[in-house]
Amino acid sequence: MNLVEKDKKYIWHPFTPQKNMAAPVAIVKGKETLLYDENGHAYIDAISSWWVTLHGHAHPYIAEKLYQQALTLEQVIFAGFTHEPAVTLAEKLLPLLPGSFARIFYSDNGSTSTEVALKMSLQYWWNQQQPQRKKILAFRNSYHGDTFGAMSVSDRGVFTMAFHDLLFEVIFIDTPTSNNLPATLAILQQQHPHIAAFIYEPLVQGAGGMQFYEASAMNQLLQAVQQYGIICIADEVMTGFGRTGKLFASEYLTYQPDIICLSKGLTGGTMALGVTACVQRIYDAFVQDDKLKTFFHGHSFTANPLACTTAVASLELLEKENSMAKVEWISNRNKLFASTLLAFAQVKNIRTLGTILAFEVDKGKDEYLNNISHTITQQCMQAGVYLRPLGNTVYIMPPYCITSAQLDKVYTTLLEVINAVTE
Ligand SMILES: *Cc1c(COP(=O)(O)O)cnc(C)c1O
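Residues numbered from 1 in each chain as written. Predicted model: local features only at pLDDT ≥ 70, side-chain atom pairs only at ≥ 80, totals over all residues. Heavy atoms only, no water.

- With an unreviewed UniProt entry as reference, the chain is termed Adenosylmethionine-8-amino-7-oxononanoate aminotransferase, source organism Filimonas lacunae.
- According to its UniProt record, the chain has this under Catalytic activity (unreviewed entry): "(8S)-8-amino-7-oxononanoate + S-adenosyl-L-methionine = S-adenosyl-4-methylsulfanyl-2-oxobutanoate + (7R,8S)-7,8-diammoniononanoate". (UniProt positions renumbered as here; feature names shortened; annotations may be inferred.)

Here it is in structure tokens:
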């Protein structure tokens with residue numbers, strides 16, 4: 001049996017209908033922007049392998065640091081122990097964060113980083129004898145992960161349908177516009193004594209279809225939320241580390257979060273790691289004589305030294321490789337291409353922010369489960385470009401090391417595919 005046959009026998013893939021599943025592509029090597037399959041075909045990874053890869057695949061600098069750390073200390077329990085990679089990462093990361101963050105809590109992935117943020121917020125109020133503050137405010141169309149708490153604060157949709165009865169109740173509001181803001185502020189005025197926290201993806205709802213919303217209306221919403229003392233949780237799992245043109249999307253906003261969630265690009269896309277950072281006021285609510293007020297949360301691999309090492313190396317590369325200048329360059333190229341796309345009647349709602357370019361292909365249907373996404377993916381793969389549309393939302397989000405020729409190829413392929421699927 002070859003690799004794909006064995007896979008078909010033993011493996012269950014994420015987000016993938018298993019009946020009549022198309023054979024997965026066996027990737028044997030990655031280098032910079034390229035992924036190589038077992039037959040030697042190369043694919044430009046135009047979505048950074050689900051938004052994680054920043055500096056390119058198998059980066060030698062990160063690999064070397066990882067190897068050295070693996071020879072030194074690969075893992076140790078993080079209750080009662082500490083280690084250099086965890087401390088160095090916290091020390092480097094805290095001053096970069098948008099706002100005035102004081103503490104870093106580690107976990108393993110994006111979903112756990114938001115779970116931790118929710119539990120921290122709820123217990124913050126509980127610890128201060130205000131247990132009535134237990135509702136979470138969240139946006140419609142949001143995505144914060146796949147574990148139960150994260151699912152609860154995410155949009156109720158096809159992905160979560162089997163669990164709807166079991167998800168906790170959330171106050172959902174629309175992403176802000178000057179039109180809907182008065183209605184949202186009225187909800188806040190009525191419900192604020194019961195609201196513990198507000199969780200949001202700043203400016204871009206990723207899994208919800210790369211939907212953007214305005215900074216100005218968001219500032220007004222955040223201002224109101226903060227006046228009521230509600231804890232603001234910025235889920236920057238996708239937007240962090242330069243994706244939107246600034247190091248963090250929150251930098252586009254005037255009002256900064258009390259908690260920030262990071263994962264995906266945190267390690268440059270090399271290892272699984274989650275960070276939940278909080279401001280001093282949150283941390284202080286857990287520094288108490290009463291041991292019941294401890295934050296009883298952790299994972300076997302909390303602050304894994306290998307993961308922390310790759311995150312430190314990725315932060316170093318962001319500086320060394322002048323990544324933000326590359327982001328700006330990609331952003332400008334995207335804007336130019338977006339203006340070309342205006343000529344295509346089948347393409348709707350063209351938008352760009354930083355390394356993200358997105359649009360909808362108008363096929364009349366607006367369903368995630370239709371197969372236009374699969375068709376586009378297949379056609380692009382044949383051209384040597386890897387894309388994975390969200391329903392009929394086509395987007396790119398390349399690693400920062402993508403070359404000019406590779407970007408050209410991505411754009412050309414997009415144009416070919418648009419013509420092919422909409423003719
Ligand atoms: C991907 C994502 C998550 C979940 O992260 P995982 O590592 O996949 O669990 C949470 N929030 C946002 C905004 C994301 O894009």
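## Regarding the sheet that holds strand β13 (residues 347-353)
Turning to step 1, where the next piece is worked out: Judged by pairing direction, the sheet is antiparallel, and its 3 strands sit side by side in the order β13-β14-β16 without closing on themselves. The open sheet has two edge strands with one neighbour each: β13 and β16 (393-396). Direction aside, neighbouring strands of the sheet carry axes that sit 15° apart on average.
Turning to step 2, where the next piece is worked out: As judged from the 5 bridges shared by β13 and strand β14 (residues 356-361), these two strands associate in the antiparallel manner. Within β14, the residue paired with Thr352 across the bridge is Leu357. (Pairing = 2+ DSSP bridges. Helix = DSSP H or I, 4+ residues; strand = E, 2+ residues; numbered from the N terminus. Axes fitted to C-alpha atoms, helices over the stretch in contact; angles between N-to-C directions.)

## What to know about the site of the ligand
Turning to step 1, where the next piece is worked out: Every residue near the ligand is listed here: Trp51, Asn109, Gly110, Ser111, Tyr143, His144, Gly145, Glu201, Asp235, Val237, Met238 and Lys264.
Turning to step 2, where the next piece is worked out: Contact between the ligand and Gly110: an oxygen atom at 2.8 Å from a main-chain N or O atom of the residue.
Turning to step 3, where the next piece is worked out: Asp235 is positioned such that a nitrogen or oxygen atom in its side chain is 2.7 Å from a nitrogen atom of the ligand.
Turning to step 4, where the next piece is worked out: Alone, the ligand offers 380 Å² of accessible surface; in the complex the protein occludes 84% of this. (Near = heavy atom within 4 Å. Polar contact = N/O pair within 3.5 Å; in protein donor to acceptor, adjacent residues only side chain to side chain. Areas by Shrake-Rupley, 256 points an atom, 1.4 Å probe, with all protein chains shown as cover.)

## What about helix α11 (residues 323-341)?
Turning to step 1, where the next piece is worked out: Its 19 residues place the ends of α11 27 Å apart at the C-alpha level, agreeing with the 27 Å of an ideal helix rising 1.5 Å per residue.
Turning to step 2, where the next piece is worked out: Regarding α11, the residues found buried are Ser323, Val327, Ile330, Ser331, Arg333, Asn334, Phe337, Ala338 and Leu341.
Turning to step 3, where the next piece is worked out: As for α11, its buried residues are in contact with α10 (305-320), β13, β14, β16 and α13 (404-422). (Expected span 1.5 Å × (residues − 1). Buried < 20%, exposed > 50% of the residue type's maximum accessible area, 1.4 Å probe, protein only. Contact = heavy atoms within 4.5 Å.)

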